[in-house]
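# Summary of the model geometry
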Amino acid sequence: MRKVDKNKLVVIASILLEEFEEDDDVLSVIGTRRNATNSVATSLIKERRKHFRLGQLYKNDLNWIDRYLDSDFHRRFRMKKETYRALVEVIRPHYPVKEHRGDAQVVDVERAVIMTLHYLGQEVSMDYVGDKYGFTGSTVHKEVHRIVAILCSLKSTFIVWPTGDECHIVQQQFHERAGFPGVVGAIDGCHVEVLAPAADQDSYTDRKSDHSIILQGVCTATKIFTNVSVGTPGSRNDCRALAFSSLYRKVTTEGHRSLFYDDNYHLVGDKAYPNRSWLLAPFKNYGNLTRMQRRYNYKHSVTRVVIEHTFGLLKGRW
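Presented here is a report on the structure given in the accompanying data block. Note that this is a predicted model, so its numbers are computed, not measured.

What counts, and where the lines are drawn
Residues numbered from 1 in each chain as written. Predicted model: local features only at pLDDT ≥ 70, side-chain atom pairs only at ≥ 80, totals over all residues. Heavy atoms only, no water. 1 Å grid on protein atoms, 1.4 Å probe; cavity = no way out; pocket = protein on both sides within 12 Å on 5 of 7 lines; lining within 4 Å. Points joined across faces, edges and corners; volume = space filled by probe spheres on them. Nonpolar A, V, L, I, M, F, W, Y, C, P; charged D, E, K, R; others polar. Domains from an automatic or database assignment. Axes fitted to C-alpha atoms, helices over the stretch in contact; angles between N-to-C directions. Helix = DSSP H or I, 4+ residues; strand = E, 2+ residues; numbered from the N terminus. Parallel < 35°, antiparallel > 145°, perpendicular 65-115°, else oblique. Contact = heavy atoms within 4.5 Å. Pairing = 2+ DSSP bridges. Phe/Tyr/Trp six-rings, centres within 6.5 Å; stacked < 30°, edge-to-face > 60°.

## A word on the layout of surface pockets
Computed from the structure, the largest pocket encloses a volume of approximately 2,300 Å³. Surrounding the largest pocket, 46 residues form its lining, Leu-151, Ile-159, Phe-225, Leu-314 and Trp-318 being those nearest its centre. For the lining of the largest pocket, the residue count by class is 30 nonpolar, ten polar and six charged. If you count residues domain by domain, the lining of the largest pocket takes at least three from each of domain 1 (64-157) and domain 2 (160-317).

So this is what it looks like as structure tokens:
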């Protein structure tokens, strides 16, 4: 039912009264309808004030966060309390300042972030989250999209390709895993389920018959992403996702030294990737590999598997 604006109804009735001011029957009908409409408007306003949400009991208090054990808070919101507070401070400079309108509660950055974490971490509806924090589902929808948009705008601040000095440290960390030299990143792709466009479902159908897009990532030995590319339809393979990525475009247009500062630096990827001077794949096993080739594949696998672990941590969190 649409919301009735009482003042607008009075104005409309006044115009009608002026137009038919000499017709007593019309005046009588209009007057009756005006009183009835005013009564409906008043009842709707009163009904709106009767709405109750559980979160209204704590609408001015977020101190309940301090009462959580870190383990319990992490289980519900997928991060520790100090990480949540640090995230709030990162987002705060980019969060819009809001003004009070009537008696409606204003959503501040702390509540916006905690509602977003609750929604992303618990796989519950937005109406459920709104009830917990004293807001409507539409408000939760708006705040979740706002927080996610802010985080996406900050991606280049936190997902950063290592500098020359940092590459030296990264390759040492990879070398400690299996003795594989010169590795400054492990690359792979994983599928993220999405709602595919109705007109192009086949392009997003992956090998498991799900609709997905490919998230390509490059990480360090300490499971930190240094490059991410997302959006390739799930029907493509990892090699095609690489060809569409910003990393590949930069290497092919500016040369491999634009990212790999030394000819001895390279990435390691699985057998879906092509062999390049800056990207090493394992030997394909057709049953004729030599002992040295099998040893190479083993060390390559132990070095590369860190990207699988990184994707596992990412999907395990969200």
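Okay, back to it.
## Quick look at the packing of helix H7 (residues 126-133) against helix H8 (residues 137-153)
For any two helices packed against each other, one specifies the inter-axial angle together with the distance between the axes. Where H7 meets H8, the closest approach of the two axes is 8 Å, and the angle between their N-to-C directions is 100°. Comparing their axes, H8 and H7 come out roughly perpendicular. Along the contact surface, H7 presents Met-126, Asp-127, Val-129 and Gly-130, while H8 presents Gly-137, Val-140, His-141 and Val-144. Along the lines of polarity and charge, the residues of the contact of H7 with H8 split into four nonpolar, three polar and one charged.

## Describing the sheet that holds strand S2 (residues 212-219)
Two pairing modes exist for strands in a sheet, parallel and antiparallel, and in both the strands are linked by backbone hydrogen bonds. Ordered by their spatial adjacency, five strands build an open sheet running S3-S2-S1-S4-S5, and the pairing between neighbours is mixed. With partners counted over all chains shown, the strands left at the sheet margins are strand S3 (225-233) and strand S5 (279-280), one partner each. Summarising the sheet, strand S4 (residues 266-268) and S5 pair through two bridges and their orientation is parallel. What sits directly across from Leu-267, in S5, is Leu-279. Sitting on the sheet, helix H10 (residues 164-178) is in contact with strand S1 (183-193) and S2, with an inclination near 80° to S1. Taken strand by strand, helix H14 (residues 306-317) contacts S1, S2 and S3, and its axis lies near 40° from that of S1.

## As for the packing of aromatic side chains
Across all of its chains, the model carries 13 aromatic pairs by this definition. Taken together, the ring pairs connect Trp-64, Tyr-68, Phe-73, Phe-77, Tyr-84 and Tyr-133 into an aromatic cluster.

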